Amino acid sequence: MTTTALARGAARGATALRGGHFWRPTPFFVFGGLFWLLLTLAYWWVPMAYDYGLHAAVIERLKVSLLHPRHPLVDLPGAGNPYVSSPYAMAEGAFARATGLTGWEVMKLAGPANLLVLLTGLNRFVRALTSRQWAPVLALLTLTLLWGTSTDWRTEPLALRSLMIDLGYPSTFAIGLALWVWAGAWRLRREGARWAVAGVAAVGLVWLWPDADPAQPHFPWLALIGLPPLWLRLRRDRKDPLVLLCAAGVVALAYAALAHPSAYGAAMVLTVVPLQLALAIALAAPRPWPRRRRVLGALTATGAALGFLATVLDPPPSWPAYTWAAQHIPPGDTVLTSGYRPVRALPGYGPTLVAPARPDPVVDRADWDRRRAAVRAYLSPTSTRAEREAVADRYRVRWLLLDRGERLPPEAVLVAWSPQTGEALARVNGGTSRTG
C-alpha cells in the first residue's frame, strides 16, 4: 500500500470532519460548564427570597393577559409599570401560558437559561478582546468573586452569592445580552458602527434594567485590584473598549446618584466589570511573569479567597414558602398584610396587596403613603369595626395575613395558620372581590 493510500485512509472516519484533528474542549467550556451546573443546583436549592415574588407575580399577570396585564402587586391596571412591559417578561408570560407553569416555576427554569446567556456572553466578549485561552476562565473568577464582603446578599450584582438568588431576574439576562452585544460591536472593527452599537447597549442596560430592590449596591473594593491593568490599557489605547465602558459606568453612576437611583445597579456593573475583565486578561499572559504581575496575581488570589469565604460563611436567606396561605386565596384577590416577607413573596402566587413594598410609576409616593397608612389603621388595636370596613371596601380586601402577635378582628374568620412562622390567614367578610 502506498504512502498516499495510507494517508487517505487515515483521513477517513470521525476525524476527517475536522481536518484529521480531534475536537478539544476549551478551558472555559470545561470550567464554565461545571460552573453552570453547580450554580444552577445552588439556585434551585436556595429558598426564594427578596424580589423573587415580584418577578413571579409579573409572570402570573402576563399569564392571564399578555396585552393588558394587571399591576403585579396591587389591584390596578398594569399600564405604566415597567416590569410587565418588557419583552423579556412578555416572553416569560407567553411561556407560562403555553405550558401552564406557575410564575415561581418559570423563574426556576429561567435561572439556568439566563446563566447560559451570561456565560456565553462573557466568553464571547473576552475572546473578542484577547486570544489567551485562560482569560475567560479567569474572567469568570474575577467577575463572581471580586466584589466585597457585605453580609447583604442584594448589594453586589454578579457576585457569586447574589447570583444564587437573582439568577432568574431580568437583570441577569440583560447583562449577558449586553456582553454579547459588546463582543459583536468590538468584532466589527469599524470605529463608527461598533461604538454606536456598544453605546446603545450601555445606555440600554442603565435605562431598561428594572431595579426592584432599593438596597444600594456597596462599592466593590475588591474589584479595585483591576485598576492597574485598566490603567495600562488606557495608556496603550485611549479607545480601548474596557476603558470606554468603565468611563461610561462612571458617568452612569453620577446620573444614578443625581437623578435616577434605580439605575444604580446597572451603572455599578458598567463600572466594575471592565476592571474585573482587565485584571483577568492581564493574569492570562504567558509566563514568566514580571514582579508586578506576580504581585497582582497574589492580590487577586487573596481577594478571590475573601470573596469566596464571604459566600460560604454567610448562609443564604431562609424565607418560608407561602403555599399554605396561597392555596386558599383565588388569584387576583386582595390581601392586607404588613409583614416584610409576605409583602414580597405572596404576589408571586397570584394575590394582590393593599400596599406594595415600595412606590413605583403606577403606585406613586402619595398613593403608597395612603395605602401604608390604611394598613396601619386597619391593624391598629384601637381601630373600630367601621374603620376597618371602610378600608376593606376602599381596597376590596378579602383576606388578612397576620403576623405573630397581630390580633384577629372579630369580623374575620381564621382559615389557615403556619406553625413555622406563626402567621395566620383570615377571610374578611366585608369588602368586594375583583374576581367575583
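What you see as residue numbers is a count from 1 along each chain, following the sequence as written. With pLDDT at 70 or above as the cut-off, local features in this predicted model cover only qualifying residues; side-chain atom pairs require 80 or more to be listed or tallied, and sums for whole chains, interfaces and linings still use all residues. To get the side-chain values, all heavy atoms of the structure are used, and hydrogens and water are removed first.

A. Structural detail: the environment of E60. Strands here mean DSSP runs of E at least two residues long; helices mean DSSP runs of H or I at least four residues long; both are numbered from the N terminus. Tracing the backbone shows E60 in helix α3 (residues 52–64). What makes E60 buried here is its relative accessible area of 14%. A C-alpha to C-alpha distance of 9.5 Å links E60 and E92, two positions 32 residues apart in sequence. Should any heavy atoms of two residues lie within 4.5 Å, those residues are considered in contact. With residues near it in sequence (within four places) discarded, E60 still touches T102, G103 and G348. At 2.7 Å, the side chain of E60 and the backbone nitrogen of G103 are in polar contact. When a residue's accessible area, from a 1.4 Å probe over protein chains only, is under 20% of the maximum for its type it is buried; when over 50% it is exposed; and in between it is partly exposed. Between N or O atoms, a polar contact is any pair within 3.5 Å; within protein, one atom must be a potential hydrogen donor and the other a potential acceptor, and residues adjacent in sequence are included only when both atoms are from side chains.

B. Focus on a positive patch on the surface. Distance thresholds for patches are 9 Å for like charges and 5 Å for nonpolar side chains (Val, Leu, Ile, Met, Phe, Trp, Tyr), applied to residues having over 30% relative accessible area and no salt bridge. The Shrake-Rupley method, run with a 1.4 Å probe sphere, supplies the accessible areas, and residue values consider only the shown protein chains as cover. Each salt bridge in this description consists of a side-chain nitrogen of Lys or Arg and a carboxyl oxygen of Asp or Glu lying within 4 Å of one another. None of His or the chain ends enter the tally, which takes Lys and Arg as positive and Asp and Glu as negative. A single reference atom marks each charge: NZ on Lys, CZ on Arg, CG on Asp, CD on Glu. A cluster of like positive charges, contributed by R132, R235, R236 and R292, occupies part of the molecular surface. Within the secondary structure layout, R132 lies in the loop between α5 (103–129) and α6 (135–145).

C. Quick peek at the packing of aromatic side chains. Pairing of aromatic rings covers Phe, Tyr and the six-membered ring of Trp, with a centre-to-centre limit of 6.5 Å; geometry is then stacked below 30 degrees between planes, edge-to-face above 60, and tilted otherwise. If you walk through the whole model with that rule in mind, you get 10 aromatic pairs. Summarising the aromatic geometry, the rings of W23 and F29 are spaced 5.4 Å apart at their centres and angled 90° between planes, so their arrangement reads as edge-to-face. Since its relative accessible area comes to 49%, W23 is described here as partly exposed. Taking the relative accessible area as the measure of exposure, F29 reaches 52% and is therefore exposed. Ring geometry for Y88 against F173: centres 5.1 Å apart, planes inclined by 40°, an arrangement best described as tilted. One end of the pair, Y88, is in helix α4 (residues 87–99); the other, F173, is in helix α8 (residues 170–188), with 85 residues separating them in the sequence. Its relative accessible area of 27% is what places F173 among the partly exposed residues. A connected cluster of aromatic rings, assembled from ring pairs, spans Y43, Y52, W104 and Y349. Sitting over a ring, as applied to charges here, requires NZ of Lys or CZ of Arg to be within 6 Å of the ring centre and within 35 degrees of the ring normal. For R287, the ring lying beneath its charged end belongs to W289, and the centroid distance is 4.5 Å. Over the aromatic face of Y340 sits the side chain of R344, whose NZ or CZ is 3.7 Å from the ring centroid.

D. Up close: α8. By this rule the span expected of a helix is its residue count minus one, scaled by 1.5 Å. For α8, spanning 19 residues, the distance from its first C-alpha to its last is 27 Å, which sits close to the expected 27 Å at 1.5 Å a residue. Listed as buried for α8 are P170, S171, T172, I175, G176, A178, L179, W182, A183, A185 and W186.

E. Region of the structure containing the nonpolar core. Nonpolar cores are built from buried Ala, Val, Leu, Ile, Met, Phe, Trp, Tyr and Cys residues. Side-chain atoms within 4.5 Å join them into one set. Grouped together as the largest cluster of nonpolar side chains are 79 residues, with contacts concentrated most on L39, L122, F125, L158, L242 and L277. Residues in contact with L242, not counting those within four places in the same chain, are F125, L129, L230, R233, P274, L277, A278 and I281. Listed in part, the 16 residues of the second largest apolar core include V391, Y395, V397 and A426.

F. Summary view of a nonpolar patch on the surface. Residues L34, W36, L37, L38, L41, W44 and L116 make up a contiguous nonpolar surface patch of about 680 Å² in total accessible area. Here the nonpolar patch gets six residues from one element, more than from any other, and that element is helix α2 (residues 27–45). Relative to the helices and strands, L34 is located in helix α2. Judged by its relative accessible area of 45%, L34 falls in the partly exposed class.

G. Representation of unusual backbone geometry within the structure. Here R287 and P288 are connected by a cis peptide whose omega angle stands at 5°. With respect to the helices, strands and loops of the structure, P288 is situated in the loop between α12 (264–283) and α13 (291–313). Even without a glycine there, the phi angle at Y50 is positive, about 55°. Assignment of secondary structure puts Y50 in the loop between α2 and α3. The class of Y50 is buried, set by a relative accessible area of 15%. Even without being glycine, R396 reaches a positive phi, approximately 55°. Tracing the backbone through its elements, the reader meets R396 in the loop between α17 (385–395) and β3 (397–402). Residue R396 is classed as partly exposed on the basis of its relative accessible area, which comes to 30%.

H. Representation of the environment of D237 within the structure. Relative to the elements of secondary structure, D237 occurs in the loop between α10 (227–236) and α11 (241–258). Using a relative accessible area of 34% as the deciding quantity, one classes D237 as partly exposed. Within polar-contact distance, the side chain of D237 engages the backbone nitrogen of K239 at 2.9 Å.

I. A look at the pattern of salt bridges. Applying the stated rule across the entire model yields nine salt bridges. Among the salt bridges present, the one from D367 reaches R370, with a minimum N-O distance of 3.8 Å. Note that D367 and R370 are positioned in helix α16 (residues 365–379) at a spacing of three residues, about one turn of the helix. Judged by relative accessible area, D367 falls into the buried class, the value being 15%. Residue E389 pairs with R385 through a salt bridge whose shortest N-O separation is 3.1 Å. With E389 and R385 both in helix α17, this residue pair falls four residues apart, about one helical turn. A single network of salt bridges, built from pairs that share partners, joins R70, D75 and R396.

J. Spatial organisation of the pairing of strand β5 (residues 424–428). Most of β5 is tucked away, with four of its five residues classed as buried. Should DSSP find at least two bridges between two strands, the strands are taken to pair. Here strand β4 (residues 412–417) pairs with β5 via five bridges, running antiparallel. Bridging across to β5, A416 finds its partner in L425. The turn linking β4 back onto β5 is made up of six residues, and G422 within it adopts a positive phi angle of 80°.

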